[in-house]
Amino acid sequence: MAAEAAKDLSIQELEKEGQWWWIAEKKRSRRLDYLRKAVWKKGALGGNYAPGIKVDLEMPTLFTNMYNWWKYDPPMLRRAKALAHVLDNIGIFITDQAQLVGYFGSMPNTIAWRLDGASIVNEELYNEPGIMPEPEEESLKKVAELNSYWSGNTAVDKLARVLDPEDAVKFLSGAIGWGAPTSAYGYSGKDYEYIFAGRRGFLDIIEEIDANIEGAEDRTMGMPGPDILPLYERLQNWDAMKLILEAAIRYAGRYARLARTIAENFETDPKRKEELIRLAESCETVPAHAPQTFQQSLQYDHFIQIICRLEAHEGAWPARPDYYHWPMYDKDVNIEKNITGEEAMDLVGEFMIRAYEVGGFGPRWAREGLQGITGTWVWTLGGVNQDGSDACNDLTLAFLKAARLVRVSNPTFGFRWHPKVSDKIMREVFECIRHGLGYPSIRNDPLLIQNSMHWHGHPLEEARTWVHQACMSPCPTTKHGVQPMRMASATANCAKMVEYALHNGYDHVVQMQMGPRTGDARKYTDFEQLFSAWVQQMEWIMNTLVRTVNLGRFKDPEFYGRPFLSATYERAVESGLDAVSPVGERGNCWVTFFTWVENADSLAAVKKLVFDEKKYTMTQLMDALEANWEGCEKMRLDFVNGAPKWGNDDDYVDDLMIRCLREVARHSREMKCPCGNSWPALPENVSGNIHYASIVGALPNGRRLGDALYDGGISPGPGLDKNGPSAVLKSCGKIDHVGDGRAFLLNQRLSPTQMAGEKGYQLWKAYMRTWADLGLDHVQFNMVSDETLRAAQKDPEKYQEVIVRVAGYSAHFVDISRKTQDNIIQRTIQGI
Amino acid sequence: MATECKECKSFFPMNENPEKGDCVQRVVDPRQAYYKARPVDAGADASKCGTFSKK
Amino acid sequence: MKCTECGFEAPVQNFRYLYNARIDASISLRQCPQCQARLAVDELAGEATQKVGDGEAPWGKSAGIEGLAEDNAS
Ligand code: SF4
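Below you will find a few notes about this structure. Source: prediction; values computed, not measured.

Criteria and thresholds
Residues numbered from 1 in each chain as written. Chains lettered and ligands numbered in written order. Predicted model: local features only at pLDDT ≥ 70, side-chain atom pairs only at ≥ 80, totals over all residues. Heavy atoms only, no water. Salt bridge = Lys/Arg side-chain N within 4 Å of Asp/Glu carboxyl O. Helix = DSSP H or I, 4+ residues; strand = E, 2+ residues; numbered from the N terminus. Buried < 20%, exposed > 50% of the residue type's maximum accessible area, 1.4 Å probe, protein only. Pairing = 2+ DSSP bridges. Axes fitted to C-alpha atoms, helices over the stretch in contact; angles between N-to-C directions. Contact = heavy atoms within 4.5 Å. Buried area = accessible area lost by both parts, 1.4 Å probe. Nonpolar A, V, L, I, M, F, W, Y, C, P; charged D, E, K, R; others polar. Right-handed = clockwise from strand over helix to strand, strands pointing away.

1. Some words on the pattern of salt bridges
Residue and element names in this part refer to chain A. Under the defined criterion, the tally for this structure stands at 70 salt bridges over all chains. The salt bridge involving Arg31 is made with Glu275; its shortest N-O contact spans 2.8 Å. Residue Arg31 is located in helix H4 (residues 30-38), and its partner Glu275 is located in helix H14 (residues 270-285); the two are separated by 244 residues in the primary sequence. Judged on exposure class, the residue Arg31 and its partner Glu275 are both buried. Here Asp651 and Lys734 are joined by a salt bridge, their closest N and O atoms 2.7 Å apart. Highlighted residues: Asp651 in helix H31 (residues 651-670) and Lys734 in the loop between helix H33 (725-733) and strand E14 (747-750), separated in sequence by 83 residues.

Quick look at the structure:
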């Protein structure tokens, strides 16, 4: 629908048409409308950056200059000095009408470049067309200079020198894993209990650090002995933490100064002048002190997130805003009535917009795997308090409402559902889904708390603080629970398990012997031989990824180092160790399982058609797979339609799925992380199913090289779940969502027509009851019709704001590739 | 004597140290309008600055 | 196989295989090596059935309650 036509329709008429994005425009305040439209979209459109997006060269230049200057300093101190130099000198800006500030580039249209992470990423940046600031030639020269400085010195370069060469080559082939084993590109949890629940400002932390320094210095001046030896390094780390906290306070002070300068010299509107003064006061209060107002609470959180992003790439955004900002919201809106609900709504909406505008340069594989967005900012809402009572509040409602007004694809929400959640809240959750946002995803809180205790031994009260560490995995926000480095590269391309089991460990796509030689599949006479090969390949893939990541984590404080993150972690402030050091962390690792369901469907097809029914021989199957099913269409269709598929409540294939998962769970308990804890699996996909389309060869489930893989987690193949939504839930309910893995993603598509009105809500609620009764831990919904999506493909300009759920994240439909779009459209619409 | 930043309309000295300050500029890009700031020294050479404007 | 757009004729495997969005359907997208058109191909018959433009859906509507009825979006 064109903007002009939409303007003439009433909200009721637009609702009837499902034109949610135009409704949002009509309903939101003028400020939110301006700020939402002011955002430069940083997510790559199907892989390419939008016109006008430029890489920011200020941060890399400032950082490198100072890093080079302090070359004799130990790692954490050296990085702290370089980062402080950035905070003191990078260009800052305040957008008109903004009440919250902080961005990690020097202009709103810039993407940040993490240049000390990996040389291969730096080389990609040099070759990326269209993103160099003008004059391009000068920028390219600058980038080349910076690249040559960092070549061989980035975190990944340093790690590659200590990795086993065979592991390194296989990992870097891109066939089995995703990501980089360094906190330069990791995801860090925030120690919200220390900062927000503990009501600490940075000056309070500096006081704690000073006391620790004093104590340690007393000891280093005292009785000689081995116990004082580690203190020398820790003293330098404490210096680094203190130095960076002071720089962060100065950084906020720069915003305060700018806000006052604008108010006193440029602004003529008295209301805006007042806002700018309030903004200045906000930045003078936080992060130096604990926040006193709702605005300051949000501003504090945002400063922490932005500075963390100036320190490392941060691919996710673990947060629980309705929980940690609730005390200040309650004070300002309910108790002292300092601001109205509408004023608070403007702040909540802007808080989401400030996160939406954040974007860093990502290599092509990351852009393809996360089409349309720059990271998975999944914020956690709802859940329980540490005593088990319902934690939902007015701010939960405000976030759910604000989401429908600003309609951003990032951040999205994961909602911690539990039986005590009120109907009022559930209705708001449903409204977001009905408005086609694709979020919140619904998480089963009691079950995931149990899961956290089962896999990682988090005590009950700590487990109850959990946030989404990335798209899916719960992680506590406590001293020993918080995770500083999400193991991004422990992400397995699981379809390779069955592919390698069939090809004797050889990868025909990257043309390399990858896994162990488990035997010539043409000679298999019994399904158990194939299954045993599958187990060996599964273990090999998991081991290779985990070994690499474990080493990356262990060496990270030496090869990278995170002074700012450490300064906000209770355990690091206390010990003087880098936050990334495994010491003091309980451990919360998981292996993300991309492209998982293909294993069960493929194994079931071989078992049925080759070994049970003997309709085809292994030789015929292998010939067809090697020909990429070319010329074997009838046989291919037999492998698709003549063998049971996951998601239809058919025990034949479902039992195989459980058998595979139990083997994985057994192995997950055998492997240990650097903290000594387990490595459970977590099936989910982002848009890795598209990225791997050209990397995974033909499979016995009927898929060809080039086809998208299934949309992920434990979601059935698009169009293959033919027995309705209850059958999908029943298949998924056969999985033990506590003991079989860390979490299991389920995508479902519902009909917007069926979900309309009160009847739609009641149907959905009944569906959710079954979902909970069957013990599933996750579900997320797409509720946009074929008609809208096809029209958006045809006329993208008119459908810029249509949002869809891709996998663990949402994206604007027009920003994802045609292949991903088709994949989403072909997902079964479930009538419930 | 060469022109210095302190003579420029965009220069705003810091209260605590007038030798240092911010260069504050108004920018209107295709999507939004904003004020940006970057630190400059009061005595920095402004003779080659394309956006110098006398106070 | 013959391209519905430019009439180019060659064995089906000479038309670059792009993808099949519905694994259970015998329809794939392939690209004509001569005119680069994206073609819907009936893999069983080895025939190109149509050129696929933006918003066109050779696989029909999504599976599920709305069945595989004709796409009426375009
Ligand atoms: S840098 Fe240029 S515009 Fe800025 S204060 Fe100096 S002379 Fe003025």
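2. Digging into the sheet that holds strand E2 (residues 92-95) of chain A
As summarised here, the arrangement of the four strands in space is E2(A)-E3(B)-E2(B)-E1(B), forming an open sheet in which the pairing is antiparallel. On the outer flanks of this sheet lie E2 of chain A together with strand E1 (11-13) of chain B, each paired with one strand and no other. The sheet shows a mean angle of 30° between the axes of neighbouring strands, direction not considered. Of the strands in this sheet, E2 of chain A together with E1, strand E2 (20-28) and strand E3 (33-41) of chain B touch helix H13 (residues 229-265) of chain A, which is tilted by about 50° from E2 of chain A.

3. Comments concerning the interface of chain A and chain B
Taken together, the contact between chain A and chain B spans 23 residues of the former and 16 residues of the latter. Where chain A abuts chain B, roughly 1,800 Å² becomes buried across the two surfaces, and 54% of that area is made up of carbon and sulfur atoms. For chain A, the biggest contributors to the area lost against chain B are Trp40, Arg257 and Phe266 of chain A; these three give 27% of the whole. At the boundary of chain A with chain B, the tally comes to two salt bridges. For Asp96 of chain A, the salt bridge goes to Arg26 of chain B, with nearest N and O atoms at 2.8 Å.

4. Digging into unusual backbone geometry
All names here are of chain A. Of note, the bond from Asn410 into Pro411 is cis; its omega dihedral lies within 30 degrees of zero at 5°. Along the chain, Pro411 falls in the loop between helix H20 (394-406) and strand E5 (412-417). Cis geometry is found at the peptide bond from Tyr439 to Pro440, where omega equals 5°. Phi is positive for Arg199, which is not a glycine, with a value near 50°. You can see Arg199 is positioned in the loop between helix H11 (192-197) and helix H12 (202-220). The phi dihedral of Lys614 is positive, around 50°, even though this residue is not glycine. Mapped onto the elements, Lys614 comes out in the loop between helix H28 (597-612) and helix H29 (618-626).

5. Side note on the interface of chain C and chain A
Chain C puts 33 residues into the contact, and the matching count from chain A is 37 residues. Carbon and sulfur atoms make up 54% of the area that chain C and chain A hide from each other, which totals about 2,800 Å². Counting across the interface, chain C meets chain A through three salt bridges. With three residues, strand E1 (residues 16-19) of chain C is the single largest residue contributor to the side of chain C that touches chain A. Here the residues of the side of chain C that touches chain A are counted per class, giving 14 nonpolar, nine polar and ten charged.

6. Looking at the pairing of strand E4 (residues 378-382) of chain A
Residue and element names in this part refer to chain A. With five of five residues buried, E4 lies mostly within the body of the structure. Two elements, E4 and E5, share five bridges in a ladder whose sense is parallel. Looking across to E5, one finds that Thr380 is bridged to Gly414. Regarding the hand of the β-α-β motif, the stretch spanning E4, H20 and E5 is right-handed.

7. Regarding the environment of Thr412 of chain A
Summarising the element assignment, Thr412 of chain A is placed in strand E5. Apart from residues lying up to four places away in sequence, Thr412 of chain A is in contact with Trp377, Val378, Trp379, Tyr439, Arg805 and Ser810 of chain A.

8. Focus on the environment of Cys6 of chain C
All names here are of chain C. For Cys6, the position within the fold is in the segment before E1. In this structure, the C-alpha to C-alpha distance between Cys6 and Ala37, residues 31 residues apart in sequence, is 8.6 Å. When residues no more than four places from it in sequence are discounted, the contact partners of Cys6 are Cys32, Gln34 and Cys35.

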